[in-house]
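One letter stands for each residue in the lines below.
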Amino acid sequence: MDIIPENTIKIKAPAKINLTLDVTDRRNDGYHNLEMVMQTVSVYDELEISILPENPEEPVILTMDKELPDKIPPKKNLVYRAAIAMKKKYNIKNSFKIFLKKNIPAAAGLAGGSSDCAATIIAINKLCCLGLTDEELCRNGVSLGADVPYCIKKGTMLSQGIGDILVPLSPIMPVWVVLIKPGISVSTAYVYNHLDLENLPCHPGTDKIIKSIRDNNIQCIASCLFNVLETVTIKEYPVLDEIKKFLIDNGAAGSLMSGSGPTVFGIFENENKARAAWRNAVSFWKQEDSYNGFDIILCHTVQS
């Protein structure tokens, strides 16, 4: 996080991938209890947040470098909502001017919106000298989105409940990753509503992947990648299975859909294999007229 002058902060908001995603049950409030191993990767949105004099007419001014595909109005964006929530809770009189540069594909299963929200909360805590701990920031964040607490803490984590229970895991060694997001939109609500919890064929081996991460064993981590939501999303969008096969055929040790999709990622044993797969993916998917709108990104795991 860079402090530019005293009234402005620049902060990066990293993407995440799910190494595992399990749905354990449906809660009485309609949400689902989850168990996920989550990992931060080196794809970042960038936010610049400035304190302005109090202006009740414009408490938060949010601009972006591009329009999101779903055309969410600024006042419904999680960044705007986070800033307003912090102002109200901590009686902050100043207004905020926020510029958001989007590098993480939107609506992709990579927690881009949640990470932007988390970065906003972190930056306002710093700018306004609130002195809040990470735990207090997470309690603010969970009311805005289930992935926000993880995006505040980042790194390698076991996430449980609705995302509010976080257990730090051994930091994963740097692993190279290729992300491929096809030009489709997936409704998270649709995926969860159509998940047949009673008849899932199997569940992730959470204990096994945690041990594999601790042992720094990429092949074993790759063999443990598992996401129960694939049973819904891939059935609806078979191209995701095609992408998984492409990544494996091009050297990935393992491949999985992140979140509810549609992004699919492959993990690789080294940078050379990952770069070769990335080049092949760009060459192959970009040449096909029916696959316009693909995002193909080379990155690696990080801890913050």
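Below: a short report on this structure. None of these values were measured; they are calculated from a predicted model.

Attention now moves to unusual backbone geometry. Cis geometry marks the peptide bond from glycine 261 to proline 262, where omega comes out at 5°. Inspection of the secondary structure puts proline 262 in the loop between strand E10 (254-257) and strand E11 (264-268). Located in the positive-phi region is asparagine 91, a residue other than glycine, with phi close to 50°. Among the structural elements, asparagine 91 can be located in the loop between helix H1 (78-89) and strand E5 (95-101). Located in the positive-phi region is cysteine 129, a residue other than glycine, with phi close to 55°. Mapped onto the fold, cysteine 129 is located in the loop between helix H2 (112-127) and helix H3 (134-142). Residue classification places cysteine 129 among the exposed residues on the basis of a relative accessible area of 69%.

Aromatic ring pairs are defined here through the distance separating the ring centres and the angle between the ring planes. Within this structure, the stated rule accounts for one aromatic pair. Measuring from centroid to centroid gives 5.4 Å for phenylalanine 246 and phenylalanine 284, while their planes differ by 25°, and the two rings are stacked. Here phenylalanine 246 is found in helix H9 (residues 239-249), whereas its partner phenylalanine 284 is found in helix H10 (residues 271-287), with 38 residues between them in sequence. Phenylalanine 246 gets classed as buried once you look at its relative accessible area, which sits at 13%. Above the plane of the ring of tyrosine 44 lies lysine 12, whose end atom (NZ or CZ) is 5.1 Å from the centre.

Now for the sheet that holds E11. Two modes of strand pairing occur in sheets, parallel and antiparallel, and in both the strands are linked by backbone hydrogen bonds. Taken together, four strands build an open sheet; the order of strands is E10-E11-E8-E12 and the sheet is antiparallel. Edge strands, defined here as strands with exactly one partner in the open sheet, are E10 and strand E12 (295-300). Taken over all neighbouring pairs, the strand axes of this sheet differ in orientation by 20° on average, direction set aside. Note: E10 against E11, four bridges, orientation antiparallel. Pairing of glycine 254 across the sheet is with isoleucine 267, part of E11. This element, H9, spans strand E8 (176-181), E10 and E11 of the sheet and lies at about 15° to E11.

So, how was this worked out
Residues numbered from 1 in each chain as written. Predicted model: local features only at pLDDT ≥ 70, side-chain atom pairs only at ≥ 80, totals over all residues. Heavy atoms only, no water. Helix = DSSP H or I, 4+ residues; strand = E, 2+ residues; numbered from the N terminus. Buried < 20%, exposed > 50% of the residue type's maximum accessible area, 1.4 Å probe, protein only. Phe/Tyr/Trp six-rings, centres within 6.5 Å; stacked < 30°, edge-to-face > 60°. Lys NZ or Arg CZ within 6 Å of the ring centre and 35° of its normal. Pairing = 2+ DSSP bridges. Axes fitted to C-alpha atoms, helices over the stretch in contact; angles between N-to-C directions. Contact = heavy atoms within 4.5 Å.

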